[in-house]
Amino acid sequence: MGMEVSPTDATLGATVRGIDLSKLDDATFGSIEDAWHEYAVLIFPEQRLDDDAHLAFSRRFGPLEQSIRRSRSTGISNLSNVQADGSVAPPSSLQARFLVGNTYWHSDSSYKKVGAKASILAAHIVPSEGGETEWADMRAAYDILDDERKAWLKDKIAVHDYAFSHAPFGGLEILNKDELSHLDPVEHPIIRTHPATGRKNLFVGRHASHILGEDLEESRMLLAELTDQGAQPPRIYKHQWQAGDIVIWDNRCVLHRGHRWPDDQPRTMVRTTVAGEAGNNEWALATSASGLEIVQGEL
Ligand code: OGA
Ligand code: MN
């Protein structure tokens, strides 16, 4: 059976069936990359990749990114509310609180000087309800802006700041001093052009604190408005996970957010991040010659 790509009803997202991601030839990978550029989010049901296969698939898109826990970073990590002893982390715990931050629209690592290219998320343990992930098409969000707003935003720069977006969710407590010292505020243009497709998009989300040179509160409100307006039907797609699913999305042109699930149920997702393409990306991980090193971080 060949690869079958079924677009969603939204302006982004497609489900891909008929292939095994652990056994990809170059031609099939090329077709996946083409579809990814077109749909920005690809959902691969029933793949059940182990961590080695997840890493190998991820590396086809480029070098992986170090996590914010630099000293402990290996390229793959758990996003889970399950604690080391197997119990579910209580809502008041740092581990559970940190995950709540993901329920606000964001682009992964946009608080880094070079944001992430792709995120690749696999469902290992899913709750009986809730816990969906949702994506918003910020290419289409740019397209619907009126000409006056497009012109005003043309050269505007947003300041993206880890401390701004993460402080309410324990983000300053989970990192040590050295790790925090790598997370000073950074600047990104609000309108960006996708390197592969040439399409323009809005680059905003929860890490964007304000617009450089503009009133702090007013520009913060405008950024929130741009995110909210963009993230409306038909530009959003929400996925209800089944264990074994894996999804890749393009952080350069889509936002995403998670949805809550019952606090007493376990949910474990496994994540890799492909580093943004820039000559001087200090967050790109060198591929270790010895192959795969895997640590299961709790966050
Ligand atoms: C992520 C993320 C949301 C979720 O993996 O980057 O934001 O639904 N996940 O787990
Ligand atoms: Mn995320």
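Just so you know, these numbers come straight off a predicted model, no measurement behind them.

Reading guide: rules and limits
- Per-chain numbering applies: the sequence of each chain, read as written, is numbered from 1 onward.
- In the order they appear in the text, chains get letters beginning with A and ligands get numbers beginning with 1.
- Given that the model is predicted, a residue must reach a pLDDT of at least 70 before its local features are reported, and side-chain atom pairs must reach 80 or more before they are shown or counted; all residues, however, enter totals for whole chains, interfaces and linings.
- Based on all heavy atoms of the structure, the side-chain values leave hydrogens and waters out of the count.
- Three labels apply to residues, based on accessible area from a 1.4 Å probe with only protein chains included: buried if under 20% of the type maximum, exposed if over 50%, partly exposed otherwise in between.
- Secondary structure is summarised from DSSP: a helix means a run of H or I of at least four residues, a strand means a run of E of at least two, and numbering begins at the N terminus for each.
- Should DSSP find at least two bridges between two strands, the strands are regarded as paired.
- Metal sites are built from N, O and S donor atoms within 2.8 Å, or 3.2 Å for Na, K and Ca, and they leave out water, so they may look incomplete.
- Side-chain atoms alone can form a polar contact between residues adjacent in sequence; in general such a contact is a pair of N or O atoms within 3.5 Å, and within protein one must be able to donate a hydrogen while the other accepts it.
- Only heavy atoms matter for contacts: two residues are in contact if any of them lie within 4.5 Å across the pair.
- Every axis in this analysis is a line fitted to C-alpha atoms, fitted for helices over the stretch in contact. Angles between the N-to-C directions lie between 0 and 180 degrees.

(A) Molecular detail of the pairing of strand β15 (residues 268–274). Across the seven residues that make up β15, a large majority, seven, are buried. Where burial is concerned, the two faces of β15 agree: the one with Thr-268, Val-270, Thr-272 and Val-274 and the one with Met-269, Arg-271 and Thr-273 are both buried. Sheet topology note: the strand β4 (residues 77–80)/β15 ladder contains four bridges and is antiparallel. Residue pairing in the sheet places Leu-79 in a bridge with Met-269 of β15. Bridge count for strand β5 (residues 118–125) against β15 is seven bridges, and the pairing is antiparallel. Following the sheet pairing, Ala-123 is matched in β15 by Met-269.

(B) Here's a closer look at the coordination of the manganese ion (ligand 2). Only His-106 (NE2), Asp-108 (OD) and His-256 (NE2) from the protein reach the manganese ion (ligand 2) as donors, at distances of 2.1 to 2.2 Å. Each donor residue of the manganese ion (ligand 2) lies on one chain, and together they are spaced H-x1-D-x147-H. A relative accessible area of 3% means that His-106 is categorised as buried. With a relative accessible area of 6%, Asp-108 lands in the buried category.

(C) Region of the structure containing the side chain of Thr-268. With respect to the helices, strands and loops of the structure, Thr-268 is situated in strand β15. Looking at Thr-268, the relative accessible area reads 8%, which means it is buried. Engagement of the side chain of Thr-268 in a polar contact is seen with the side chain of Ser-80, the distance being 2.8 Å. With near-sequence residues (within four places) excluded, Thr-268 lies in contact with Asn-78, Leu-79, Ser-80, Val-82, Ala-122, Ala-123, His-124 and Ile-125.

(D) Structural detail: the sheet that holds strand β1 (residues 4–7). One open sheet accounts for seven strands, arranged β1-β2-β3-β13-β5-β15-β4; its pairing is mixed. What marks the edges here is a single partner per strand, and that holds for β1 and β4. Averaged over all pairs of adjacent strands, the angle between their axes in this sheet comes to 25°, without regard to strand direction. Sheet topology note: the strand β2 (residues 14–17)/strand β3 (residues 41–44) ladder contains two bridges and is parallel. Opposite Ala-14, over in β3, you have Leu-42 as the bridge partner. This element, helix α1 (residues 26–39), spans β1, β2, β3, β5 and β13 (246–250) of the sheet and lies at about 125° to β3.

All we've got here are geometric facts, nothing functional implied.
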